[in-house]
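Listed below are the residues making up each chain.
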Amino acid sequence: MSKKQQKKRRGWPEEPEVLPSPVVDNHAHLPVLDDDGAPVDEFDVALPPGEEPLTTAQQIARAARTGVARILTVGCDVPSLAGSVALAHAHPEIAAALAIHPNEAPLHAGVREIAPDGLDPAVREHHALALDDAIARVAELARDERVVAVGETGLDFFRTGDEGRAHQVRAFREHIALAKELGKALQIHDREAHAEVVETLLADGAPDRVVFHCFSGDVDLARTCAEHGWYASFAGPVTFRSNDALRAALRELPPELVLVETDAPYLTPAPYRGHPNASYVMPITVRTVAEQLGLELGEACQRLTANTDAVYGPW
């Protein structure tokens, strides 16, 4: 391993100061196991020697200590679907959201193009399953009472090229229909596709509760969300020094449409950018959101929790 690679290995952040009122992590990816008890995916965030991935129990305990009382874990590929539901049944603090991620949809459809980001397609064994069958698996499991949302689904034009976009749109529309059929919230992944996501939602008719997960839009998209009553969920990037435009979009939203999340183990807030993320770190993001909304911290926590319950119901 090169010195450059070694420098990228950063450990778990310190636990931040506890929040004055409990909040909910609206979107995280907790580790899941297969039927034999083996990890579905290896932990893909590099840790320094001697540091290990946190187990689900450790993550729940740390989160509780900092004021993050509940976690919505997201299974967005076929191997993680059943395990995410199992986690939600095993831990009362956890609920699940399920979907086929927009970058997974073209792979299930047989698309093998190099993405606009220059990366080769990450084809795995489960991509042999047809896209219709993968979505059918989501539909089967999403009926479970511990699944409170369909997602993350949507469009990602950063990671998918021209050939794959039609399959992303088809999958997105199927998930929209499923959320409406089940009466559950829809969590949207939107990357460099703001106009197309809005166009699809309006053309098909959005579900009653829509969440733009890890909101990355501008003031115009924030105004569109406010107009239609769609929720925007903010993650670690809202704390990054360079993201003035994202903070401006946050300020454009009414507080009753704002949620907060980690997208753990990714998108760790400043000053821990580049470190592995977990729900216990979310109070840093909550403090930034409160400041931008002009709310006292305790009031912001109560508002964020009320918003989460309005979208998913308490669990």
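This text gives an overview of the structure that appears in the document. What you see is a predicted model, and the numbers here were worked out from it, not measured in a lab.

1. Quick look at helix H3 (residues 78-90)
All of the buried residues in H3 are Val-78, Ser-80, Leu-81, Gly-83, Ser-84, Val-85, Leu-87 and Ala-88. Check the buried side of H3 and you find it contacts helix H2 (56-66), strand S2 (68-75), strand S3 (94-98), helix H4 (105-108), helix H5 (131-141) and strand S4 (147-156).

2. Brief notes about the packing of H3 against H5
Axis separation between H3 and H5 bottoms out at 10 Å; the angle between their running directions is 5°. With respect to each other, H3 and H5 are oriented roughly parallel. Contact residues: Val-78, Leu-81, Ala-82 and Val-85 in H3; Ala-134, Arg-137, Val-138 and Leu-141 in H5. Considered class by class, the residues forming the contact of H3 with H5 number seven nonpolar, no polar and one charged.

3. With respect to the packing of aromatic side chains
Applying the stated criterion across every chain, the model contains four aromatic pairs. Taken together, a centroid distance of 6.5 Å and an interplanar angle of 65° make the contact between Phe-212 and Phe-215 edge-to-face. With a centroid separation of 5.4 Å and 45° between ring planes, the pair formed by Phe-215 and Phe-234 is classed as tilted. You can see Phe-215 sitting in the loop between strand S6 (210-212) and helix H8 (219-228) and its partner Phe-234 sitting in strand S7 (residues 231-234), a full 19 residues away along the chain. Phe-234 matches Phe-215 in its accessibility class, with the two residues each being buried.

4. Focus on the packing of H5 against helix H6 (residues 162-182)
As a packed pair, H5 and H6 sit with axes 11 Å apart at the nearest point and diverge in direction by 25°. Considering their axes alone, H5 and H6 lie roughly parallel with respect to each other. Read as a crossing pair, H5 and H6 show a hand that is right-handed. Contacts between H5 and H6 involve Leu-131, Asp-132, Ile-135, Val-138 and Ala-139 from the former and His-167, Arg-170, Ala-171, Glu-174, His-175 and Leu-178 from the latter. Looking at the contact of H5 with H6 residue by residue, the class counts come to six nonpolar, two polar and three charged.

5. Regarding the sheet that holds S7
Across the sheet, eight strands lie side by side as S1-S2-S3-S4-S5-S6-S7-S8; this open sheet has parallel pairing. Across the chains shown, the open sheet's two edge strands, defined by having one partner strand only, are strand S1 (23-28) and strand S8 (258-260). When the angles between neighbouring strand axes are averaged without regard to direction, this sheet yields 30°. As paired strands, S7 and S8 are joined by three bridges and run parallel to one another. In the sheet register, Phe-234 faces S8, and the bridge partner there is Val-260. Together, S2 and S3 form the strand contacts of H2, whose direction differs from that of S2 by roughly 140°.

6. Overview of unusual backbone geometry
With an omega dihedral of 10°, the bond running from Gly-151 to Glu-152 counts as a cis peptide bond. Turning to its location among the elements, Glu-152 is positioned in strand S4. Cis geometry marks the peptide bond from Ala-270 to Pro-271, where omega comes out at 10°. Position of Pro-271 among the secondary structure elements: in the loop between S8 and helix H10 (283-293).

7. Quick notes on the pairing of S2
Two faces, one strand: in a regular strand the side chains alternate between the faces of the sheet. Here S2 lies mainly inside the structure; seven of its eight residues are buried. Examined bridge by bridge, S1 and S2 share four bridges and lie parallel to one another. Counted as the bridge partner of Val-23 is Val-68 from S2. Judged from the five bridges that link them, S2 and S3 form a sheet pairing that is parallel. What sits directly across from Leu-72, in S3, is Ala-95. Following the backbone out of S2, through H3 and into the adjacent parallel S3, one traces a crossover that is right-handed.

8. Quick look at the pairing of S7
With burial as the criterion, each face of S7 is covered, one bearing Tyr-231 and Ser-233 and the other bearing Ala-232 and Phe-234. Across two bridges, S6 lies against S7 in parallel orientation. Its bridge partner lying in S7, Phe-212 is registered against Ala-232. Assessed by its sense of winding, the connection that carries the chain from S6 through H8 to S7 is right-handed.

9. Re the pattern of salt bridges
Tallied over the entire structure, the rule returns 11 salt bridges. Taking the shortest distance from any N to any O, the salt bridge between Glu-252 and Arg-223 comes out at 3.0 Å. Highlighted residues: Glu-252 in helix H9 (residues 244-252) and Arg-223 in helix H8, separated in sequence by 29 residues. Residue classification places Glu-252 among the partly exposed positions, given a relative accessible area of 34%. Residue Arg-223 is classed as partly exposed on the basis of its relative accessible area of 47%. One salt-bridge network, held together by shared partners, links Asp-220, Arg-223 and Glu-252.

So, how was this worked out
- Residues numbered from 1 in each chain as written.
- Predicted model: local features only at pLDDT ≥ 70, side-chain atom pairs only at ≥ 80, totals over all residues.
- Heavy atoms only, no water.
- Buried < 20%, exposed > 50% of the residue type's maximum accessible area, 1.4 Å probe, protein only.
- Helix = DSSP H or I, 4+ residues; strand = E, 2+ residues; numbered from the N terminus.
- Contact = heavy atoms within 4.5 Å.
- Axes fitted to C-alpha atoms, helices over the stretch in contact; angles between N-to-C directions.
- Parallel < 35°, antiparallel > 145°, perpendicular 65-115°, else oblique.
- Nonpolar A, V, L, I, M, F, W, Y, C, P; charged D, E, K, R; others polar.
- Phe/Tyr/Trp six-rings, centres within 6.5 Å; stacked < 30°, edge-to-face > 60°.
- Left-handed = near helix turned anticlockwise from the far one by under 90°.
- Pairing = 2+ DSSP bridges.
- Right-handed = clockwise from strand over helix to strand, strands pointing away.
- Salt bridge = Lys/Arg side-chain N within 4 Å of Asp/Glu carboxyl O.

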